[in-house]
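# A look at the structure
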Amino acid sequence: QQQVRQSPQSLTVWEGETAILNCSYEDSTFDYFPWYWQFPRESPALLIAIRPVSNKKEDGRFTIFFNKREKKLSLHITDSQPGDSATYFCAASASSGSWQLIFGSGTQLTVMP
Amino acid sequence: EAGVTQSPRYAVLQEGQAVSFWCDPISGHDTLYWYQQPRDQGPQLLVYFRDEAVIDNSQLPSDRFSAVRPKGTNSTLKIQSAKQGDTATYLCASSRQGNNQAPLFGEGTRLSVL
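A brief report on the enclosed structure follows.

About the criteria used
- Residues numbered from 1 in each chain as written.
- Chains lettered and ligands numbered in written order.
- Predicted model: local features only at pLDDT ≥ 70, side-chain atom pairs only at ≥ 80, totals over all residues.
- Heavy atoms only, no water.
- Salt bridge = Lys/Arg side-chain N within 4 Å of Asp/Glu carboxyl O.
- Helix = DSSP H or I, 4+ residues; strand = E, 2+ residues; numbered from the N terminus.
- Buried < 20%, exposed > 50% of the residue type's maximum accessible area, 1.4 Å probe, protein only.
- Pairing = 2+ DSSP bridges.
- Disulfide = S-S within 2.5 Å.

### Points about the pattern of salt bridges
Oppositely charged side chains may form a pair once their charged atoms are brought near each other. Across all of its chains, the model carries 7 salt bridges over all chains by this definition. Where Glu 70 of chain A meets Arg 69 of chain A, a salt bridge forms, and the shortest distance between an N and an O atom there is 3.3 Å. For Arg 9 of chain B, the salt bridge identified is with Glu 107 of chain B, shortest N-O distance 3.3 Å. With Arg 9 of chain B in the loop between strand S1 (5-7) and strand S2 (10-13) and Glu 107 of chain B in the loop between strand S10 (104-105) and strand S11 (109-113), this pair connects stretches of sequence that are 98 residues apart. Each of Arg 69, Glu 70 and Lys 72 of chain A takes part in salt bridges that share partners, so that together they form one network.

As structure tokens, this is what we get:
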């Protein structure tokens, strides 16, 4: 059973466009949602995270929009740059104390110059 | 501060061979995680420790995999008799309980089982 789902599997945008990556989850006890990005031959790196007390978290060009009722969230990358090309993973945790993260299968983003 | 350190970076084995992976977490991080990341998939938790205690190893294939963290600092993950299906990157991550930040990952060990 896949508890965290991501779509699309791959996404290509032009430089300067906004990329939208989607994530949904099933377990209503999840209370922390980090996004990681991963470049080829590197390990995942923490990008941005949100808790359900907020419906939006912004960090520069990266914004998470969160809909608790629908159990959905999305990562928006504005003014996309070729250097943003990576695989993005949505993750979820049911307890902030243990950080027992469950990852989605990832969205591979390509930003064309 | 130094990040999570893992070794070796790469390992190539024949089926049936054993291999060990080593992880040194970030100083002061009491919680240590081992993840398996098959190619083109997200990381999947195998086991995690708080200090020297195993908190959850339910996803660890116990017949061939073992993990220890005897002094609550460094950790070793061992595969006793590797199979081709074990081919993946093995990631170690660490965090500090009560710290409002998700785990940080090491560079990983890329394992190929031929």
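Now that the structure is up, let's keep going.
### Regarding the pairing of strand S7 (residues 65-68) of chain B
Residues in a regular strand project their side chains so that they alternate between the two faces of the sheet. All names here are of chain B. Of the two faces of S7, the one lined by Phe 65 and Ala 67 is fully buried and the one lined by Ser 66 and Val 68 carries no buried residue. Relative to strand S8 (residues 75-79), S7 is paired through 4 bridges, and the arrangement is antiparallel. Across the sheet, residue Val 68 finds its bridge partner in S8, namely Thr 76. Linking two consecutive strands that pair antiparallel, namely S7 and S8, is a turn of 6 residues; a positive phi of about 75° is found at Gly 72 within it.

### Points about the state of the cysteines
Scanning all chains against the criterion turns up 2 disulfides over all chains. Shown here is the disulfide that connects Cys 23 of chain A with Cys 90 of chain A, its sulfur atoms set 2.0 Å apart. Because the sign of the S-S torsion sets the handedness, a value of about -70° for the bond joining Cys 23 of chain A and Cys 90 of chain A places this disulfide among the left-handed ones. Taken as a pair, Cys 23 of chain A in strand S3 (residues 19-25) and Cys 90 of chain A in strand S9 (residues 86-92) lie far apart in primary sequence, 67 residues in all. Accessibility classification places Cys 23 of chain A together with Cys 90 of chain A in one group, the buried group. The partner cysteine of Cys 23 of chain B in its disulfide is Cys 92 of chain B, sulfur to sulfur 1.9 Å. Judged by the sign of its S-S torsion, about -70°, the cystine formed by Cys 23 of chain B and Cys 92 of chain B is left-handed. Separated by 69 residues along the polypeptide, Cys 23 of chain B in strand S3 (residues 19-24) and Cys 92 of chain B in strand S9 (residues 88-95) bring together distant segments of the chain. Of the two residues, Cys 23 of chain B and Cys 92 of chain B, both sit in the buried class.

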